[in-house]
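Remarks on the overall topology
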Amino acid sequence: ELPPSEFMQVADSTWLVLSVVSNGREPPGCQATGVTKIARSVIAPLAEHHVSVLMLSTYQTDFILVRERDLPVVIHTLAGEFDIYKEEGGECVPVTCDDFSNGFLKPKPPTSPTLHPVQSPQTRFCVLTVAPDTLPAIATMLIDVLFYSHTPPWDAAAGSQDLDSITFFSFSLIEGYISIVMDAETQKRFPSDLLLTSSTGELWRMVRIGGQPLGFDECGIVAQIAEPLAAADISAYYISTFNFDHALVPEEGIAEVIQLLQQRQESGR
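Residues numbered from 1 in each chain as written. Predicted model: local features only at pLDDT ≥ 70, side-chain atom pairs only at ≥ 80, totals over all residues. Heavy atoms only, no water.

- Going by the annotation in an unreviewed UniProt entry, the name recorded for the chain is Cytosolic arginine sensor for mTORC1 subunit 1, with Pheucticus melanocephalus given as the source organism.
- Quoted verbatim from the Subcellular location (unreviewed entry) field of UniProt, the annotation for the chain is "Cytoplasm, Cytosol".
- The UniProt entry for the chain carries the following comment under Sequence similarities (unreviewed entry): "Belongs to the GATS family." (UniProt positions renumbered as here; feature names shortened; annotations may be inferred.)

And the structure:
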């Protein structure tokens with residue numbers, strides 16, 4: 001319903017959403033959460049089978065978006081590890097490989113994924129949620145932050161933002177659940193009693209992936225970050241956007257994260 005505009009870009013593909021629910025097969029003692037929790041079981045296998053994904057972590061759970069045309073490959077890849085269901089008329093119906101065997105493409109020979117540069121701004125971020133019935137109380141402030149604060153000029157060069165203090169604000173409303181990522185300074189503008197966070201109230205640092213817009217055809221970008229962090233049991237909150245990918249990690253672990261990713265960069269050369 002959005003009117004065509006020279007300022008709006010639309011990706012060609014239609015995407016479907018996968019919601020991953022714990023299947024009880026996680027090894028005991030696994031502490032990693034977020035994208036790293038599904039790195040080995042979902043993200044890495046899809047990358048190996050040349051499936052491009054978009055990741056969306058929220059306060060409540062994680063979602064993986066895959067292109068509709070890749071669904072047969074996704075089903076065949078994940079069926080051995082997961083029980084897969086599709087939603088029909090509000091009900092969850094089991095899916096088998098046979099349901100999607102028509103047109104299944106065997107994976108291409110494995111190739112080494114491109115290792116994109118990573119950058120870590122000094123900005124500290126908060127991961128928050130809001131009770132839906134209190135949303136009207138912050139609506140005006142939310143609109144101001146979303147649409148009128150820190151607006152870059154249209155002619156700003158891509159990637160020209162100063163990464164010492166990156167501007168990043170994410171708002172998602174999924175099935176009534178609200179999830180917000182904002183920097184610690186922006187959080188001060190909102191009523192503190194309406195923003196809910198974890199009991200620890202931890203702050204997060206960001207790792208931004210990509211020196212230029214990434215596009216949607218390449219595979220293994222999420223795995224580049226998720227796999228080494230999963231191996232180290234480091235939690236990560238991951239958000240893919242139209243141009244770049246962003247991983248949020250606990251502030252106290254940012255030095256270790258940067259070291260791990262630099263080691264992966266060097267070993268991949």
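**Considerations on helix α6 (residues 254-267)**
- Between its terminal C-alpha atoms α6 stretches 20 Å, which fits the 20 Å expected from 14 residues at 1.5 Å a residue.
- Along α6, the residues classified as buried are Ile254, Val257, Leu260, Leu261 and Gln265. Taken down its axis, α6 places every buried residue within 140° of arc, on the same side. Opposite the buried face of α6, at more than 90 degrees from it, the exposed residues are Ala255, Glu266 and Ser267.
- Contacts from the buried residues of α6 go to β6 (118-119), β10 (204-209), α5 (221-231) and β12 (245-250). (Helix = DSSP H or I, 4+ residues; strand = E, 2+ residues; numbered from the N terminus. Expected span 1.5 Å × (residues − 1). Buried < 20%, exposed > 50% of the residue type's maximum accessible area, 1.4 Å probe, protein only. Arc of directions from axis to C-beta. Contact = heavy atoms within 4.5 Å.)

**Structural notes on the pairing of strand β5 (residues 91-95)**
- In the sheet, strand β4 (residues 84-88) pairs with β5 via five bridges, with the strands oriented antiparallel. Bridge pairing links lysine 86 to valine 93 in β5.
- Linkage of β4 to β5, two consecutive antiparallel strands, is achieved through a turn of two residues, within which glycine 89 is found at a positive phi near 60°. (Pairing = 2+ DSSP bridges.)

**Considering the pattern of salt bridges**
- Taken as a whole, this structure holds seven salt bridges when the rule is applied.
- Note that arginine 189 is salt-bridged to aspartate 144, the shortest N-O span being 2.4 Å. Taken as a pair, arginine 189 in the loop between α4 (184-187) and β10 and aspartate 144 in helix α3 (residues 135-148) lie far apart in primary sequence, 45 residues in all.
- Put simply, Arg67, Asp70 and Asp217 are held in one network by salt bridges that share partners. (Salt bridge = Lys/Arg side-chain N within 4 Å of Asp/Glu carboxyl O.)

**Considering the side chain of serine 172**
- Of note, serine 172 is situated in strand β8 (residues 170-174).
- If near-sequence neighbours (up to four positions away) are discounted, serine 172 is found in contact with Thr58, Tyr177, Ile178 and Ser179.

**Observations regarding the packing of α5 against α6**
- Interaxial distance between α5 and α6 falls to 10 Å at its minimum, and their mutual angle equals 120°. Put simply, α5 runs oblique to α6. The interaxial crossing formed by α5 with α6 has right-handed handedness. In this structure, α5 uses Ala223, Gln224, Ile225, Glu227, Pro228 and Leu229 to contact α6, whose residues at the interface are Val257, Leu260, Leu261, Arg264 and Gln265.
- Residue classes in the contact of α5 with α6 are distributed as seven nonpolar, two polar and two charged. (Axes fitted to C-alpha atoms, helices over the stretch in contact; angles between N-to-C directions. Parallel < 35°, antiparallel > 145°, perpendicular 65-115°, else oblique. Left-handed = near helix turned anticlockwise from the far one by under 90°. Nonpolar A, V, L, I, M, F, W, Y, C, P; charged D, E, K, R; others polar.)

**So, the environment of methionine 55**
- Mapped onto the fold, methionine 55 is located in strand β2 (residues 53-57).
- As a C-alpha pair, methionine 55 and isoleucine 43 span twelve residues in sequence and 9.5 Å in three-dimensional space.
- The residues touching methionine 55, leaving out its near neighbours within four places in the chain, are Val35, Ile43, Asp62, Phe63, Ile64, Val222, Tyr238, Ile239 and Ser240.

**What about the environment of glycine 210?**
- Of note, glycine 210 is situated in the loop between β10 and α5.
- Assessed through its relative accessible area of 0%, glycine 210 is described here as buried.
- Between the C-alpha atoms of glycine 210 and phenylalanine 244, which are 34 residues apart in sequence, the distance is 5.9 Å.
- Aside from chain neighbours lying at most four places away, what touches glycine 210 is His116, Pro117, Gln119 and Phe244.

**A word on the packing of aromatic side chains**
- Scanning the model with the defined rule gives four aromatic pairs in all.
- Through successive ring pairs, a cluster of aromatic residues spans Trp15, Phe216 and Phe242. (Phe/Tyr/Trp six-rings, centres within 6.5 Å; stacked < 30°, edge-to-face > 60°.)

**A closer look at the environment of histidine 76**
- By the element assignment, histidine 76 lies in helix α2 (residues 71-78).
- Separated by 20 residues in the primary sequence, histidine 76 and threonine 96 have C-alpha atoms spaced 8.6 Å apart.

**With respect to the packing of helix α1 (residues 39-48) against α2**
- With their axes 10 Å apart at the nearest point, α1 and α2 run at an angle of 130° to one another. Viewed along their axes, α1 and α2 adopt a mutual orientation that is oblique. α2 is crossed by α1, and the crossing has right-handed handedness. Judged by residue contacts, Ser41, Val42, Pro45 and Leu46 of α1 engage Val74, Thr77 and Leu78 from α2.
- Split by residue class, the contact of α1 with α2 holds five nonpolar, two polar and no charged.

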